[in-house]
Amino acid sequence: MGTTLTNWWDNGDYAIAFSRGNKGFIVLNAGNSDINVNLQTGLPQGTYCDVISGNYDNGRCTGNEVHVGGDGHAHFHISNSSDDPVVAIHIGESSH
């Protein structure tokens, strides 16, 4: 990606999040409880396709979508009991 790791977040219970500059953002929840947080993604405003649950195909996302606001923040709710307790978004899978 050619970018640095930024916007680090963790909850002290095996849930982490970070961005790769302004190119991508990932949230992982391997903890003992759900996470329900607003985080700085470092990404431009837009709607992003979570590439863990689907992909951007013919102008629409086949999985979950993440909405990043003008300030770069987005809301993430990830159950620790989910089959895939991960969300990954990047600028190649978005509509601005």
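Below you will find a few notes about this structure. (Residues numbered from 1 in each chain as written. Predicted model: local features only at pLDDT ≥ 70, side-chain atom pairs only at ≥ 80, totals over all residues. Heavy atoms only, no water.)

A closer look at the overall build of the chain
Secondary structure assignment for the chain yields zero helices and 11 strands. In sequence order, the chain lays out its α and β elements as β-β-β-β-β-β-β-β-β-β-β. In terms of its C-alpha atoms, the chain occupies a principal-axis envelope of roughly 35 × 25 × 25 Å. With the model as given, the accessible surface of the chain reaches about 5,300 Å², and the carbon-plus-sulfur share is 46%. (Helix = DSSP H or I, 4+ residues; strand = E, 2+ residues; numbered from the N terminus. Areas by Shrake-Rupley, 256 points an atom, 1.4 Å probe, with all protein chains shown as cover.)

Let's talk about the environment of W9
Topologically, W9 is positioned in strand β1 (residues 5-10). In the structure, W9 is positioned 31 residues away from Q40 in sequence and 8.9 Å away in space, judged by C-alpha atoms.

These figures capture arrangement, not role.
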